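# Reading the structure
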Amino acid sequence: MTADANSKTANTMWGGRFAEGPHAIMTAINASIGFDQRLYAQDIAGSRAHAAMLAAQGIITDSDAKAIGEGLLAILSEIERGEFPFTPALEDIHLNIEARLTERIGEAGKRLHTGRSRNDQVAVDFRLWVRDQCDAAIQGLTALMQAFLAQASAGADWVMPGFTHLQTAQPVTWGHHMLAYVEMLARDRSRFEDARKRMNECPLGAAALAGTSFPIDRHATAKALGFDRPTANSLDSVSDRDFALEFLSASSICAMHLSRFAEELVIWSSAQFRFVRLSDRWTTGSSIMPQKKNPDAAELLRAKLGRILGATVALFTVMKGLALTYSKDMQEDKEQVFDAADTLMLALAAMTGMVGDMTANRDTLKAAAASGFSTATDLADWLVRALGLPFREAHHVTGTLVAMAEGKKCDLPDLTLADMQTVHPGIRVDVFDVLGVENSVRSRMSYGGTAPDQVRAQVARWSDLLK
C-alpha cells in the first residue's frame with residue numbers, strides 16, 4: 001500500500017474531518033499495531049459479542065450480524081496462520097481488523113462499530129487480556145507452590161541453620177524453610193485472584209465516554225464475555241487502568257519473592273556454602289574456568305524484578321496526571337504490561353524447574369546448623385524453664401557461656417558441665433539435652449514452628465489446599 005493510500009485509508013477510518021493524511025513521523029508515534037496486535041483474539045471476541053448483541057436488540061439485521069461473525073472468525077484464522085496484512089497506517093488492532101472485515105464482507109462490516117468507540121473497545125480488549133494473564137499467573141504460582149511443597153515434604157526433619165542478618169541464628173528444618181516460600185507464593189496467588197475479581201466488569205458499551213443513545217444491552221455483552229457485570233459509570237469505564245496497575249503490582253511483589261529465593265540459591269550453591277546442588281539444566285559454565293558451574297538462571301531471575309517493577313512505575317507515571325477520561329497517553333499502557341507478564345511467566349516457569357531439580361546437601365546443612373552457637377536460645381530457654389531465671393538474666397548467662405566457648409574455640413555442647421557451673425552453679429547435666437540441633441528443632445512445637453511434626457502438618461494442609 002502506498003503512502004497516499006495509507007493516508008486515504010486512515011482518513012476513511014477517522015471520518016470526513018481530515019483533508020490530509022498524517023505526517024510519516026505522526027504515523028510512527030501514533031501507531032500501536034506493532035504491539036497491540038497481541039490483543040487480536042480479545043478484540044475479535046469483543047466484536048463478536050457486540051455484533052450479536054446489536055442484532056438481538058434490532059440495531060443491525062441478523063444477516064449483517066451473521067456476516068460479521070463469520071468474517072471475524074475468518075480474520076482470526078488469518079492472523080493465527082500469520083497471513084493477516086497488518087497496516088501501520090490503520091494505527092491499531094481495532095482499525096486493522098475492522099478495515100479487513102469491511103474488505104471481506106462489504107457494507108455489513110461498517111455497521112460493527114455502531115454503539116461503541118475505540119475507547120471502550122480497547123478497554124474491554126485490554127481487560128480481557130489482563131484477566132487471562134491473571135489466570136496464567138495463578139496457574140504458574142500453583143505449580144511453583146507444589147514444587148516447594150515437594151521439597152518440604154522430603155526434608156521435613158532435615159536440620160539446617162536459620163539466619164537473621166545472614167548470620168546463624170537458630171536451627172530450623174529444610175521443610176520449614178521451603179514452606180516459608182509456599183506461604184509467600186500463596187499470598188501472591190491470592191493477590192492475582194483478588195485483582196481478577198475486581199477487574200471482572202465489562203466496559204464495552206460505555207462508548208467514547210458518555211454511553212450511547214442506541215438501545216444496547218450491556219448485560220448481554222458482559223455475560224457473553226465472561227464478566228460478572230457491566231461497569232456502572234461510562235467515564236470511569238474508558239479511563240480506568242486500575243486493573244493493569246493491580247496486575248503489575250501483584251507481579252512486582254511476586255517477582256520480589258522469586259528474587260529473594262534466587263538470592264538464596266546463589267548463596268547456597270556456592271563453594272563456600274554447598275547447601276544445594278543445582279542441576280545442569282539450570283546452570284552454565286565458564287568460557288575460561290572449567291571448574292565453574294554458575295547459577296545463571298537464579299541470577300537472571302534476581303534481575304527480572306527490575307523489569308517488572310520498572311513497568312509498574314512506568315504505568316503509574318503515565319496515569320498519575322490524566323484528567324477524565326481517555327487521553328492518548330494511555331496507549332503507553334500495553335507494552336509495559338505485555339513485557340511484565342511475559343517476564344513473570346518466564347520467571348515462574350524457570351523457578352519451578354530449579355526448585356524441582358535442586359538437591360539439598362543434607363549433611364552440609366546439618367553441620368552448618370550446629371555452628372555459630374545456634375542453640376544459644378535453647379540454652380537461655382532451658383535456664384528459664386529449669387532454673388526459674390528471668391529471661392533477661394538467662395540471656396546474660398548464655399551470652400557469658402557463648403563468650404567462654406569462643407575463647408575455647410569450641411561450640412556450646414563442647415563445654416563441660418564444670419565450665420558452665422563457673423558461670424551459674426545451678427546448671428545441671430540435663431542442659432545438654434537441649435543443646436543438640438535435632439533436639440532444638442523438635443522442641444519448636446508452637447503452631448507454625450519448625451518442629452518436624454509441625455512441618456508435616458503444614459505440608460498436609462497445603463497438599464489438601466492445592467488439590
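About the criteria used
Residues numbered from 1 in each chain as written. Predicted model: local features only at pLDDT ≥ 70, side-chain atom pairs only at ≥ 80, totals over all residues. Heavy atoms only, no water. Salt bridge = Lys/Arg side-chain N within 4 Å of Asp/Glu carboxyl O. Helix = DSSP H or I, 4+ residues; strand = E, 2+ residues; numbered from the N terminus. Pairing = 2+ DSSP bridges. Expected span 1.5 Å × (residues − 1). Buried < 20%, exposed > 50% of the residue type's maximum accessible area, 1.4 Å probe, protein only. Polar contact = N/O pair within 3.5 Å; in protein donor to acceptor, adjacent residues only side chain to side chain. Disulfide = S-S within 2.5 Å. Contact = heavy atoms within 4.5 Å. pLDDT = per-residue confidence, 0-100. Core = buried A, V, L, I, M, F, W, Y, C linked by side-chain atoms within 4.5 Å. Arc of directions from axis to C-beta. 1 Å grid on protein atoms, 1.4 Å probe; cavity = no way out; pocket = protein on both sides within 12 Å on 5 of 7 lines; lining within 4 Å. Points joined across faces, edges and corners; volume = space filled by probe spheres on them. Nonpolar A, V, L, I, M, F, W, Y, C, P; charged D, E, K, R; others polar.

## A few points about the pattern of salt bridges
Opposite charge on two side chains permits them to pair, given that their charged atoms come into close proximity. Throughout the structure, instances matching the rule amount to 32 salt bridges. When the shortest N-O distance is used, the salt bridge between arginine 302 and glutamate 263 registers 2.5 Å. Separated by 39 residues along the polypeptide, arginine 302 in helix H13 (residues 296-319) and glutamate 263 in helix H12 (residues 242-268) bring together distant segments of the chain. One network of salt bridges, with partners in common, ties together Glu78, Arg100, Glu103 and Arg104.

## Focus on unusual backbone geometry
Cis geometry is found at the peptide bond from leucine 324 to threonine 325, where omega equals 5 degrees. Topologically, threonine 325 is positioned in the loop between H13 and helix H14 (334-357). Look at glutamate 91: it is not a glycine, yet its phi comes out positive at around 70 degrees. Looking at the element boundaries, glutamate 91 is found in the loop between helix H5 (62-80) and helix H6 (93-105). If you check the backbone angles, histidine 165 has positive phi at about 55 degrees while not being a glycine.

## What about the pairing of strand E2 (residues 167-173)?
Judged from the six bridges that link them, strand E1 (residues 159-164) and E2 form a sheet pairing that is antiparallel. Note that in E2 the partner of phenylalanine 163 across the bridge is threonine 168. The loop that links E1 with its antiparallel partner E2 comprises two residues; one of these, histidine 165, has a positive phi angle of about 55 degrees.

## Overview of H6
Over its 13 residues, H6 extends 18 Å from the first C-alpha to the last, a length consistent with the 18 Å expected when each residue adds 1.5 Å. Burial in H6 covers these residues: Ile93, His94, Leu95, Asn96, Ile97, Glu98, Ala99, Arg100 and Leu101. If you check the start of H6, you find a side-chain oxygen 3.1 Å away from the backbone N of histidine 94, and it comes from aspartate 92. The positive-phi residue at the C-terminal boundary of H6 is glycine 106, with phi of around 80 degrees.

## Some remarks on the state of the cysteines
Tallied over the full model, the rule gives zero disulfides. Cysteine cysteine 254 shares no disulfide, and the gap to the nearest cysteine sulfur, in cysteine 134, comes to 12 Å.

## Describing the side chain of arginine 131
Of note, arginine 131 is situated in helix H8 (residues 118-154). A distance of 3.0 Å separates a polar atom in the side chain of arginine 131 from the backbone oxygen of glycine 226. If we ignore the near neighbours within four places in the chain, the residues touching arginine 131 are Arg196, Met199, Asn200, Leu225, Gly226 and Phe227.

## Topic: the confidence of the model for the chain
On average, the chain scores 92 in pLDDT, and the residues at 70 or more come to 95%. Segment residues 1-11 is flagged for pLDDT under 50; beyond a separation of four residues in sequence, or across chains, it makes 13 contacts in the model.

## Quick word on the nonpolar core
Judged by nonpolar contacts, the single largest core of 95 residues is most densely connected at Trp174, Phe192, Phe261 and Met351. When residues in this core are grouped by element, the largest group, 15 residues, is from H12. Phenylalanine 192 has contacts with Cys134, Ala137, Ile138, Leu141, Phe247, Ala250, Ser251, Cys254 and Leu344, leaving out every residue within four places of it along the chain. Judged by nonpolar contacts, the second largest core, of 19 residues, contains Leu401, Val402, Leu415 and Ile427.

## Let's talk about helix H20 (residues 452-466)
Over its 15 residues, H20 runs 21 Å from end to end, which matches the ideal 21 Å to within 8%, given 1.5 Å per residue. Restricting attention to buried positions, one finds in H20 the residues Pro452, Gln454, Val455, Gln458, Val459, Trp462 and Leu466. What you see down the axis of H20 is that its buried residues fit within an arc of 155 degrees, all on one side. Seen from the open side of H20, the exposed residues pointing more than 90 degrees away from its buried face are Asp453 and Asp464.

## Things to note about the layout of surface pockets
Each pocket or cavity is described by its volume, and for the largest pocket that value is around 580 Å³. Looking at the largest pocket, it is lined by 23 residues, and the ones nearest its centre are His177, Ala180, Tyr181, Met184 and Glu264. Elements with a contribution of two residues or more to the lining of the largest pocket: E1, helix H9 (174-199), H12 and H20. No other element matches H9, which puts seven residues into the lining of the largest pocket. The volume enclosed by the second largest pocket comes to roughly 380 Å³. Lining of the second largest pocket is provided by 15 residues; of these, Ser269, Ser270, Ala271, Arg274 and Lys293 occupy positions nearest its centre. Looking at the lining of the second largest pocket residue by residue, the class counts come to five nonpolar, six polar and four charged.

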